[in-house]
Each structure stands twice: as structure tokens, then as C-alpha cells.
Amino acid sequence: MFIKHSKLILFVGVFVLLAFVTSIYAQLELPTPDGPYAVGRTTLNWVDTSRPEVLTEDPSDFREVVAMVWYPAEPGTGVRAGYFPNLDTVSDALIESGEVGWWEVFGLRFIRSESRFDANPVKSEQPFPIVILSPGNGTNIEFYSSLAGEIASYGYIVVGLNHPYDVPAVELSNGEIAPYDKEQWLLGAEAHQTYIAERIKVRTADALFALSQLENMNTNSSFAGLMDLDSVAVAGHSLGGITASEACKADSRFKACVNFDGLQRGGPFSMEEHAAPPEQPFLFLTKESRLHPRILERFEAMPESYWIVVHGASHQSFTDGPLLQPSPVSIPNQADRFMDLIQTYTLAFLEQTLKGKHDPLLSTHTEREGVSVTVFLSQ
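What you are looking at is a predicted structure, and each value in this text was computed from that prediction instead of being measured. (Residues numbered from 1 in each chain as written. Predicted model: local features only at pLDDT ≥ 70, side-chain atom pairs only at ≥ 80, totals over all residues. Heavy atoms only, no water.)

Undergrad: Quick rundown of the overall build of the protein? Include the residues and the values.
TA: Each helix and strand in the protein was counted, giving eight helices and 14 strands. Radius of gyration (C-alpha) of the protein: 22 Å, near the 21 Å computed for a compact globule of 379 residues. Principal-axis analysis of the C-alpha atoms places the extent of the protein at approximately 85 × 55 × 55 Å. Of the contacts formed within the protein by residues at least 6 apart in sequence, a portion of 72% connects residues at least 24 apart. Carbon and sulfur atoms form 57% of the exposed surface of the protein, whose accessible area is close to 17,500 Å². (Helix = DSSP H or I, 4+ residues; strand = E, 2+ residues; numbered from the N terminus. Rg over C-alpha atoms; globule rule 2.2 N^0.38 Å. Contact = heavy atoms within 4.5 Å. Areas by Shrake-Rupley, 256 points an atom, 1.4 Å probe, with all protein chains shown as cover.)

Undergrad: Describe empty space enclosed by the protein, listing the residues and the values that go with them.
TA: The full count for this structure, using the stated rule, is one cavity of 30 Å³ or more. Taken as a whole, the largest cavity holds about 40 Å³ of empty space. In this structure, the largest cavity is lined by Val 131, Leu 133, Leu 147, Ile 151, Val 158, Ala 235, Val 258, Phe 260, Thr 346 and Leu 350. Those elements giving two or more residues to the lining of the largest cavity turn out to be strand S5 (128-134), helix H4 (145-153), strand S10 (254-260) and helix H8 (334-354). Residues of the lining of the largest cavity, tallied by class, amount to nine nonpolar, one polar and no charged. (1 Å grid on protein atoms, 1.4 Å probe; cavity = no way out; pocket = protein on both sides within 12 Å on 5 of 7 lines; lining within 4 Å. Points joined across faces, edges and corners; volume = space filled by probe spheres on them. Nonpolar A, V, L, I, M, F, W, Y, C, P; charged D, E, K, R; others polar.)

Undergrad: I'd like to hear about unusual backbone geometry, residue by residue, with values.
TA: Comment: phi is negative for the bulk of residues other than glycine, and the bulk of peptide bonds are trans. Even without a glycine there, the phi angle at Tyr 165 is positive, about 75 degrees. Counting through the fold element by element, Tyr 165 comes out in the loop between strand S6 (157-162) and strand S7 (169-171). Exposure remark for Tyr 165: the relative accessible area of 11% places this residue in the buried category. In this model, Asp 261 sits at a positive phi of 60 degrees, which is unusual for a non-glycine residue. Looking at the element boundaries, Asp 261 is found in the loop between S10 and strand S11 (282-286). (Buried < 20%, exposed > 50% of the residue type's maximum accessible area, 1.4 Å probe, protein only.)

Undergrad: Quick rundown of the nonpolar core? Include the residues and the values.
TA: Counting residues in hydrophobic clusters, the biggest one holds 41 residues, and the most contacted among them are Phe 260, Leu 285 and Ile 308. Leaving out residues up to four positions away in the same chain, Phe 260 has contacts with Leu 133, Leu 147, Ala 235, Gly 236, His 237, Ser 238, Leu 285, Phe 318, Ile 342 and Thr 346. Grouped together as the second largest cluster of nonpolar side chains are 40 residues, Leu 214, Met 227, Phe 269 and Val 309 included. (Core = buried A, V, L, I, M, F, W, Y, C linked by side-chain atoms within 4.5 Å.)

Undergrad: An account of H8 is requested, with residue identities and associated values reported.
TA: What sets the pattern is the α-helix's 3.6 residues per turn: residues three or four places apart point alike. With 21 residues, H8 should reach 30 Å at 1.5 Å per residue; the first-to-last C-alpha distance of 30 Å fits that figure. Within H8, 16 of the 21 residues are buried, leaving the element largely enclosed by the surrounding structure. (Expected span 1.5 Å × (residues − 1).)

Undergrad: So what's going on with the packing of H4 against H8? Residues and values would help.
TA: Orientation of H4 relative to H8, taken along the N-to-C sense of each, is 40 degrees, at an axis distance of 10 Å. Judged by the inter-axis angle, H4 sits oblique to H8. In this structure, H4 meets H8 at a crossing whose hand is right-handed. In contact with Ser 146, Leu 147, Glu 150 and Ile 151 of H4, H8 contributes Met 339, Ile 342, Gln 343, Thr 346, Leu 347 and Leu 350. (Axes fitted to C-alpha atoms, helices over the stretch in contact; angles between N-to-C directions. Parallel < 35°, antiparallel > 145°, perpendicular 65-115°, else oblique. Left-handed = near helix turned anticlockwise from the far one by under 90°.)

Undergrad: Residue-level account of the side chain of Ser 113, with values.
TA: Along the chain, the position of Ser 113 falls in the loop between helix H3 (102-108) and strand S4 (116-117). According to the relative accessible area criterion, Ser 113 is buried, its value standing at 11%. A polar atom in the side chain of Ser 113 sits 3.0 Å from the side chain of Ser 115. Contacts of Ser 113, omitting those with residues within four sequence positions, involve Leu 30 and Arg 80. (Polar contact = N/O pair within 3.5 Å; in protein donor to acceptor, adjacent residues only side chain to side chain.)

Undergrad: Would you mind going over the pattern of salt bridges in detail, with residue names and values included?
TA: Think of it this way: side chains of opposite charge can pair up when their charged atoms draw near. In total, this model carries 17 salt bridges according to the counting rule given. Across the pair Arg 199 and Asp 166 runs a salt bridge whose closest N-O atoms are separated by 3.0 Å. In this pair, Arg 199 is assigned in helix H5 (residues 189-217) and Asp 166 in the loop between S6 and S7, connecting sequence segments 33 residues apart. Here Arg 199 falls in the buried class, since its relative accessible area comes to 5%. Connected via shared salt-bridge partners are Asp 48, Arg 51, Glu 53, Arg 63 and Asp 206. (Salt bridge = Lys/Arg side-chain N within 4 Å of Asp/Glu carboxyl O.)

Undergrad: I'd like a description of the environment of Glu 99, backed by residues and values.
TA: Looking at the secondary structure, you find Glu 99 in the loop between helix H2 (87-96) and H3. Using a relative accessible area of 35% as the deciding quantity, one classes Glu 99 as partly exposed. Here Glu 99 is in contact with Leu 94, Gly 138, Pro 168, Tyr 180 and Trp 185, once residues within four sequence places are set aside.

Undergrad: Tell me about the environment of Ser 372, residues and numbers included.
TA: Tracing the chain through its elements places Ser 372 in strand S14 (residues 371-377). Look at Ser 372 and you get buried, because its relative accessible area is 9%. Between the alpha carbons of Ser 372 and Asp 340 there is a distance of 15 Å; along the sequence they are 32 residues apart. When neighbours within four sequence positions are excluded, Ser 372 is seen to be in contact with Trp 307, Ile 308, Val 309, His 311, Thr 366 and Glu 367.

Below is the structure:
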């Protein structure tokens, strides 16, 4: 009798384990984008020979910008690729950065995405607006795939920037791996702020350089004629959000800017406490439900700006990380809801500022479940 019960317990245990593993595997997939377009991905490497790379010892090294591009694609073209396409090449450096655990790198191999690598861009009579996207410090642009893919599925070309030495690891055009500059964390608080301010300048130059490269691509590449370079926004998360603000101030080619939860001494606008905000339409999409009165005064002085709070979200809610944290039961969780709200209001802002489509979500101060919207329109 004991043997029979033992076999039954073993069978049930194996069944439960298999069910658990199956449930976890099923959750390791990004949500399918909701827009009308299939989404393609490709990577691009651009070397800026006008700027030396300041974080290497070789004086002949030039600054390189590595881009992951999400775009409207012809269905069925391209190839299926992993969530992190060159993971085998950069996995050791990702772990050595200290920003990504070895178990997370291992798990990246099993994440699936609907977007197809090197798919043919959709041929459209109307060119697509552009969004340049800058990640947070110590975060690869690949970890924003859900947000970027959703935007692309609605008819945008999203150019995500992997800033070498600011992200955990990225492969350069010569095959070398640019590691994360983790020595920054040995600096004192003030010295680290100075370091970050200098990195923001480099990131801003990266964004401007990327925009110039897109102008070249729009005449001589598979994307020729598909980019609406009169409708370009720059967006970013955390330090990338500060980069977006600085890029808007530096170049009027950017028609709108988005800061995802990036706050520094100058609020969502700058590392500098008294710096002026951009003049372009500005969206601050954040978890922060309180801002200093002097920051609110700057919002009020801007021609068009929005402060949108996703209540209950965390700083990481703007990345894929929380979406991919498996639970024993495959049901929608808070992370899915937060990302849905982030995507909804981001697209509303982009549709309004880049495509001229007024969205009632941004028309007035509103409070709805989980979100508050404050609109600043100076006359």
C-alpha cells in the first residue's frame, strides 16, 4: 500500500512540476503588439568620426552608436530571432556588469517576441514618424522591446540607442564588446553627479548623431523614403528621459520629447537645477505624484506639456522586466496593466504631436482609475 501511495505522490509531483514549468515558459513571451502593423527589428552600427571615445585608452577610438530599430514590417518576412539577438556574444559582459544577474541572462534565452528580425519594411505612400529612444543607466535598449514594439505597430519607426559604456554590454562594429562603466559607482555622490552630467552630454550627442544618420538612411537604404523626418520625437527612460529633454533643447529637428520617469536636480528637464525646459511639446510620464513647486512653475511656462502619473508603478515598470517576472499562475498582473497605461498615453501624445490627431485623453485634467493627467497649455 505504501509503494502505491508513493507512486501516486511521485506522479502528482511530476505533474505539478511540469504544469509549473509549462506555465512559466508560456509567460516568457512579450505581449503581441495591438497596432495594425506587423513589427520588424534590425540593428545598426554608426561610427561618429567627429567624436573620440572618451572612455577608452586608445586615442584612435571614435564614438559609436548602436541602434535597435523597430518598424512596420511586411508580415511573414524576416526571421524569428531571440529577444536579445546576439546574447551569446555579450552574455559574459552582461553578467560582469553587475546590472544583470546570471540567472536573468540564462532566462533571456527563452523569451519570445512576435517581431521578426530583418523583416522587409512596409512600403507606404505616407512616411512614418520617428521616435528616438534612450534607455536608463545600466539598461540595454533591448529591455524596452514591449514599449518600442507597440509604438512601431501603430506606424512609427522607433530607433532605440544602446549607448556604449552606459549599457551593460553592446557589441561594436569591430566585434569588440563595450562593457558597462561600473567604476562610476566608486565615485562619491557629488563626483558621480558630475560624471552623469558628462554622460548626458555624450548621450545627447548620440541622439543628434543618430538623427543625422537617419537622414542619410532615408535616401539610401531599405528605409529610403519611409521616414518622416519632419515628425521626429525623442524619448527616454530615467537618464534617457533627461537625455530626451536635452536633445530637444539642442536641436529643433525634434518636434516632441518624452521623459519616462527621469528626475534629476532640474526635475524632468535637466541635470542642472535652474535649467530651462524644452520649448517643444513635452510629456513627463511617471510614477511621481508630487513635484516641487518650482518644477510645476516651469511646466506652466511651457507652450504645451503634460504630467501623467501612473499610480502604483515602479521605476522599472517602463521596461520589460516586470512583464517577464513569471508567476505560478498565468494571469494578467499589475505589470501588464502599468505597461498598457504607459503605452496608451505615450501613443496618445505621439499621435497628437507627430500626426496631428487630437486625443481626448490629453484634452484636460483628468483622474481615472490608476492615472492622473495634468495638462499645461500656455496661451
